[in-house]
Amino acid sequence: VYFVLAGAFALVAIFPIALFHLWRFISPALSEEERKGFLLYLPPLLFSFLVGVLFGFYILFPNVMTFLMSLAGDQMNTMFTAEKYFRFLLNLTLPIGFLFELPIVVMFLTRIGLLNPIQLTKARKIAYLLLTILSTLVTPPDLISAVLVAIPLVLLYELGILLSRKVYANKQREALKTSMEVS
């Protein structure tokens, strides 16, 4: 129990330092535009991760625990150890936090030119399928939990498309403006 909790708190405490060192390693390979973009998207990325963890903790986790407790019924006595409880909690909430970063990552990839809204719209059906499979893999094997995760993921994908359109349009305007200035 103590090692699991100490490990979780250590990861939280070391996260800013690890991000700093990762930035120092990656930044020389990035152009000035990419550096600005990365620094611009970092606070929303952390915020969306936090929202995802809170969603996992306050909405998903209680529903999953209710489902798991209902499996035992009245015939069995369910007992948890603190280690298994916290490990299950972390294994459920942290992946959800990372998945909630999807729109911000899509915006960043659109800004640096790896994605565009046309590609995202064409890949919508495949993305829905992959997001549904991913939500099933992240949650325990019950339909309610998988749906509770799949719906926000699909909505986040659609939000990512909308934000990608905005970033793409701004990028196109800037390119048009610079080409007119050169002419």
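A quick note: this is a predicted structure, and the numbers were derived from the prediction, not measured.

A. Structural view of the overall build of the chain. When its secondary structure is counted, the chain shows seven helices and zero strands. Listing each helix as α and each strand as β along the chain from the N terminus yields α-α-α-α-α-α-α. A compact globule built from 183 residues should have a C-alpha radius of gyration of about 16 Å, whereas the chain, at 20 Å, is more than 25% larger. Considered along the principal axes of its C-alpha atoms, the chain spans approximately 80 × 40 × 20 Å. Out of the 183 residues belonging to the chain, those deemed buried represent 29%. Pairs at least 24 apart in sequence give 83% of the contacts found in the chain among residues at least 6 apart. Side-chain charges in the chain split into 14 positive and 10 negative, and the spacing between the mean points of these groups amounts to 7 Å.

B. Layout of the nonpolar core. Of all hydrophobic cores here, the largest spans 20 residues; its most connected members are Leu60, Ile96, Leu153 and Tyr157. Of all the elements in the fold, those that place two or more residues in this core are helix H2 (32–72), helix H3 (82–99), helix H6 (124–138) and helix H7 (143–182). The contacts of Tyr157, once residues within four sequence positions are left out, are Leu102, Leu120, Ala123, Arg124, Ala127, Tyr128 and Leu131. Within the second largest apolar cluster, five residues are counted, among which are Tyr41, Ile104, Phe108 and Val167.

C. Looking closely at the packing of aromatic side chains. Following the criterion strictly, the structure yields 10 aromatic pairs and no others. Look at Tyr41 and Phe108: their rings are 6.0 Å apart centre to centre, the planes differ by 75 degrees, and that puts the pair in the edge-to-face class. Taken together, the residues span a long stretch of sequence, with Tyr41 in helix H2 and Phe108 in helix H4 (residues 102–111) at a distance of 67 residues. Residue Tyr41 is classed as buried on the basis of its relative accessible area, which comes to 9%. What makes Phe108 buried here is its relative accessible area of 18%.

D. Region of interest: the packing of helix H1 (residues 2–26) against H2. Packing of H1 against H2 leaves a shortest axis separation of 13 Å and a crossing angle of 165 degrees. With respect to H2, the axis of H1 lies roughly antiparallel. Crossing of H1 over H2 shows right-handed handedness. Only Arg35, Phe38, Leu39, Leu42 and Leu46 of H2 make contact with H1, whose side of the interface consists of Phe15, Leu19 and Trp23. Considered class by class, the residues forming the contact of H1 with H2 number seven nonpolar, no polar and one charged.

E. Representation of H7 within the structure. Between its terminal C-alpha atoms H7 stretches 57 Å, which fits the 58 Å expected from 40 residues at 1.5 Å a residue. Of the positions making up H7, those classed as buried are Ser145, Ala146, Val149, Ala150, Pro152, Leu153, Leu156, Tyr157, Gly160, Ile161, Ser164 and Val167. Residues of H7 that are buried in the fold lie against H2, H3, H4, helix H5 (117–122) and H6.

F. Geometry of the packing of H2 against H3. Look at H2 against H3: their axes get within 7 Å of each other, and the N-to-C directions meet at 135 degrees. Put simply, H2 runs oblique to H3. The handedness of the crossing between H2 and H3 is right-handed. In this structure, H2 contributes Ser48, Phe49, Gly52, Val53, Phe55, Gly56, Phe57, Leu60, Phe61, Val64, Met65 and Leu68 to the contact, and H3 contributes Tyr85, Phe88, Leu89, Leu92, Thr93, Leu94, Ile96, Gly97 and Phe98. Within the contact of H2 with H3, the residues separate by chemical class into 16 nonpolar, five polar and no charged.

G. Representation of the side chain of Thr93. Here Thr93 is to be found in helix H3. For Thr93, a relative accessible area of 4% puts it in the buried group. Setting aside residues no more than four positions away along its own chain, Thr93 makes contact with Gly52, Val53, Gly56 and Phe57.

H. Spatial organisation of the confidence of the model for the chain. Within the chain, residue pLDDT values average 87, and 99% of them lie at 70 or more. Within the chain, H5 carries the highest mean pLDDT (95), whereas H1 carries the lowest (82).

Rules used throughout
Residues numbered from 1 in each chain as written. Predicted model: local features only at pLDDT ≥ 70, side-chain atom pairs only at ≥ 80, totals over all residues. Heavy atoms only, no water. Helix = DSSP H or I, 4+ residues; strand = E, 2+ residues; numbered from the N terminus. Rg over C-alpha atoms; globule rule 2.2 N^0.38 Å. Buried < 20%, exposed > 50% of the residue type's maximum accessible area, 1.4 Å probe, protein only. Contact = heavy atoms within 4.5 Å. Lys, Arg positive; Asp, Glu negative; His and termini not counted. Charge placed at Lys NZ, Arg CZ, Asp CG, Glu CD. Core = buried A, V, L, I, M, F, W, Y, C linked by side-chain atoms within 4.5 Å. Phe/Tyr/Trp six-rings, centres within 6.5 Å; stacked < 30°, edge-to-face > 60°. Axes fitted to C-alpha atoms, helices over the stretch in contact; angles between N-to-C directions. Parallel < 35°, antiparallel > 145°, perpendicular 65-115°, else oblique. Left-handed = near helix turned anticlockwise from the far one by under 90°. Nonpolar A, V, L, I, M, F, W, Y, C, P; charged D, E, K, R; others polar. Expected span 1.5 Å × (residues − 1). pLDDT = per-residue confidence, 0-100.

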